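# Observations on the three-dimensional arrangement
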Amino acid sequence: MQVTSRQFKENSHKALQDEELRAALNRVKQGFTTKRREAADALPEFEQLRDQARDIKNHVLENLDYYLEYFESRVKDQGGHVHWCSTHKDAKDAILKICKDAGAKTVTKGKSMITEELALNKFLEAQGIEPIETDLGEYIIQLADEPPSHIIGPAVHKTREQVTELFHEHHQKYGYTEREEDAEKLVGEARAVLRHKYVTADVGITGANFLVAETGSTVIVTNEGNGDLTQSLPKTHIVVASLEKVIPTLEDVSTVMRVLARSATGQEMSVYTTFSTGPRRKDDIDGPENFHVILLDGGRSEMIGTELQELLRCIRCGACMNHCPVYHAVGGHSYGWVYPGPIGAALNPQMVGLEEALHLPNASSFCGRCEEVCPVRIPLPKILRHWREKAFEQQIAPKPDRWGIELWGFFAKRPGLYRQVTKIAAKMLSLMAGKEGRLKKLPFNNGWTRVRDLPAPQGETFMQQWQKKQKREG
Ligand code: SF4
């Protein structure tokens, strides 16, 4: 996927003018957040489960080599193959080789953020292999030739009217000549088109929510059942997963799953939870003949032992973006790479480079809601601060920001001078505000007042009031 994180500000301005996007984002804001709160409130041990999920993931990260090798040995025991891939290119090459060995012309795909990282669809198309997304949201954005805008609702930015137009444009060749406007009928139309694709695909590619070390199983959770058809009907099943997805035992999976669905969609459980353990056995009535796991590092092992390690606990539930006021305002595409919202702002600088993703750590009000709702308690604001500090140290933060912080640092080290200057500044700002008491323009900070005014400081500074209070109280 092409990276446009550098244009975060331009992307955001464009998003803010888009009325249809505003309507779609409003649904995210209200729907997901309410459902998550209700699901969490209904489960007394929810907070305990979050601690347990965090501890399981921490334990895995501290013993990652052990669990990955254990997982590999169990996959082999079941007759499957594990392909260790350091880079995105290695992963794409491994997938292509498997597809070529299978003589693949078409590939069905379940939803997978890792394959978005790989920009796998474009890659396969360039090799003459047709990829078909089977998750409804992914299918919609594939028709629209757009990247996902949310990690669990890839087409959350699309309105029903836009989907009607897309289906009308792309489904006429299958005999659907009417412009369908009813949501249920639109789903039925997509289902009928995709059914045929499932049975004719040569290879099925899915992601994995978990890789279970003790059994060598891969696990996907879906609400549509598309993943099951993708992985069980074609002769070859490829699972594409990043290495931090490994979990020690089935019992650990059940603990993490109890917080995953509740945090993501407010469901107690997703509709389908599917375990894949190796290729089809002699007595199985269905399943693939070949089972491959692509295990991608893609820069993750560099995060182990650093301030960023905690990001590897992420279970891709999407709760942080569902609760983020910045995401609600600008949507997922503004972030310019696969992962949007707070997790994207924290992870993308590592994945695509800080210089490219420079604006993302600043795309935060630091309200802390992302950390409050994260089921595995990732301290996202702390990690965003880490990137801000890095940008400052490496002198790649915009010059006005650097000068502003240096100036503030100068005064902050001299409290007496700081108090005098803030007293004068407060006075000047209140004079500038005139009778209305509101500032329509701020010196050196026009960005703030371009679309809103600011209440001017009134009366004394906090320190003046504090000192007076201290005196009064003796
Ligand atoms: S950072 Fe936390 S809240 Fe955000 S997607 Fe990952 S697990 Fe979910």
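The preceding data block contains the structure.
Residues numbered from 1 in each chain as written. Predicted model: local features only at pLDDT ≥ 70, side-chain atom pairs only at ≥ 80, totals over all residues. Heavy atoms only, no water.

### Comments concerning the sheet that holds strand E9 (residues 272–276)
- Pairing in this open sheet of four strands is mixed, and the strands run E8-E5-E6-E9 from one edge to the other. A single partner strand is all that each edge strand has here, and the edge strands are strand E8 (246–247) and E9.
- As paired elements, strand E5 (residues 210–212) and strand E6 (residues 217–222) share three bridges and run antiparallel to each other. For Val212, the partnering residue across the bridge sits in E6 and is Ser217. (Pairing = 2+ DSSP bridges. Helix = DSSP H or I, 4+ residues; strand = E, 2+ residues; numbered from the N terminus.)

### As for the packing of helix H8 (residues 136–144) against helix H9 (residues 160–171)
- Contact pair H8 / H9: the axes reach a minimum separation of 10 Å and the direction vectors enclose 70 degrees. Accordingly, the angle class assigned to the pair H8 and H9 is roughly perpendicular. Judged by the twist between their axes, the crossing of H8 over H9 is left-handed. Mapping the contact onto sequence places Leu136, Tyr139, Ile140, Leu143 and Ala144 in H8 and Val163, Leu166, Phe167, His170 and His171 in H9. (Axes fitted to C-alpha atoms, helices over the stretch in contact; angles between N-to-C directions. Parallel < 35°, antiparallel > 145°, perpendicular 65-115°, else oblique. Left-handed = near helix turned anticlockwise from the far one by under 90°. Contact = heavy atoms within 4.5 Å.)

### Things to note about the site of the ligand
- Among the 14 residues in the neighbourhood of the ligand, the closest are listed as Cys314, Cys317, Gly318, Cys320 and Cys374.
- Partitioning the shell around the ligand into residue classes produces twelve nonpolar, one polar and one charged. (Near = heavy atom within 4 Å. Nonpolar A, V, L, I, M, F, W, Y, C, P; charged D, E, K, R; others polar.)

### Some thoughts on helix H18 (residues 399–412)
- The end-to-end C-alpha distance of H18, which contains 14 residues, comes to 20 Å, matching closely the 20 Å that a straight helix rising 1.5 Å per residue would cover.
- Within H18 the residues assigned to the buried category are Arg402, Gly409 and Phe411.
- If you follow the buried residues of H18, they end up packed against helix H17 (380–393) and helix H19 (415–433). (Expected span 1.5 Å × (residues − 1). Buried < 20%, exposed > 50% of the residue type's maximum accessible area, 1.4 Å probe, protein only.)

### Digging into the packing of aromatic side chains
- Tallied over the full model, the rule gives seven aromatic pairs.
- Ring plane angle 70 degrees and centroid distance 5.8 Å describe the contact between Trp337 and Tyr339, whose orientation is recorded as edge-to-face. Each member of the pair, Trp337 together with Tyr339, is buried.
- Taking the centre distance of 6.1 Å and the plane angle of 20 degrees together, the rings of Phe462 and Trp466 count as stacked. Within this pair, Phe462 and its partner Trp466 are both found in helix H21 (residues 462–472), separated by four residues, close to a single helical turn.
- For Phe462, a relative accessible area of 59% corresponds to the exposed category.
- Counting every residue linked through ring pairs, the aromatic cluster contains Tyr66, Tyr67 and Tyr70. (Phe/Tyr/Trp six-rings, centres within 6.5 Å; stacked < 30°, edge-to-face > 60°.)

### Details of the sheet that holds strand E4 (residues 203–206)
- Taken in spatial order, the six strands line up as E1-E10-E7-E4-E2-E3 in an open sheet, and their pairing is parallel. Whereas interior strands pair on both sides, the edge strands pair on one side only; in this sheet they are strand E1 (81–85) and strand E3 (130–133). Sheet twist, expressed as the mean angle between neighbouring strand axes with direction ignored, is 20 degrees.
- Note that strand E2 (residues 106–109) and E4 share three bridges and pair parallel. Considered in E4, the bridge of Lys109 is made with Ile205.
- Sheet contacts for helix H10 (residues 183–200): E2 and E3; angle to E3, the most-contacted strand, approximately 130 degrees.

### Digging into unusual backbone geometry
- Positive phi is not limited to glycine here, since Arg316 has a value of about 55 degrees.
- Mapped onto the secondary structure, Arg316 falls in the loop between strand E10 (290–296) and helix H13 (319–322).
- Although it is not a glycine, Phe366 adopts a positive phi angle of roughly 55 degrees.
- If you trace the backbone, Phe366 turns up in the loop between helix H15 (341–352) and helix H16 (369–373).
- Overall, the relative accessible area of 29% leaves Phe366 in the partly exposed class.

### Remarks on the nonpolar core
- Core analysis: the biggest nonpolar cluster contains 88 residues, and Ile95, Ile205, Ile238, Ile294, Leu311 and Tyr335 have the highest contact counts within it.
- Leave out the neighbours within four places in its chain, and Ile205 touches Ile95, Val107, Thr108, Lys109, Gly110, Thr115, Leu120, Leu124, Thr230, Ile238 and Val240.
- Core analysis: the second largest hydrophobic core is formed by 17 residues, Tyr67, Leu68, Ala208 and Leu211 among them. (Core = buried A, V, L, I, M, F, W, Y, C linked by side-chain atoms within 4.5 Å.)

### Observations regarding the pattern of salt bridges
- Counting across every chain of the model gives 28 salt bridges.
- Taking the shortest distance from any N to any O, the salt bridge between Lys89 and Asp93 comes out at 2.7 Å. Here Asp93 and Lys89 lie together in helix H5 (residues 88–101), a separation of four residues that amounts to about one turn.
- For Lys89, a relative accessible area of 54% translates into the label exposed.
- Residue Asp93 is classed as partly exposed on the basis of its relative accessible area, which comes to 33%.
- The partner of Lys158 in a salt bridge is Glu146, and the shortest N-O contact between them spans 2.9 Å. You can see Lys158 sitting in the loop between H8 and H9 and its partner Glu146 sitting in the loop between H8 and H9, a full twelve residues away along the chain.
- Residue classification places Glu146 among the partly exposed residues on the basis of a relative accessible area of 26%.
- Via salt bridges that share partners, Glu47, Arg50, Asp51, Arg54, Asp55 and Arg377 belong to a single interconnected network. (Salt bridge = Lys/Arg side-chain N within 4 Å of Asp/Glu carboxyl O.)

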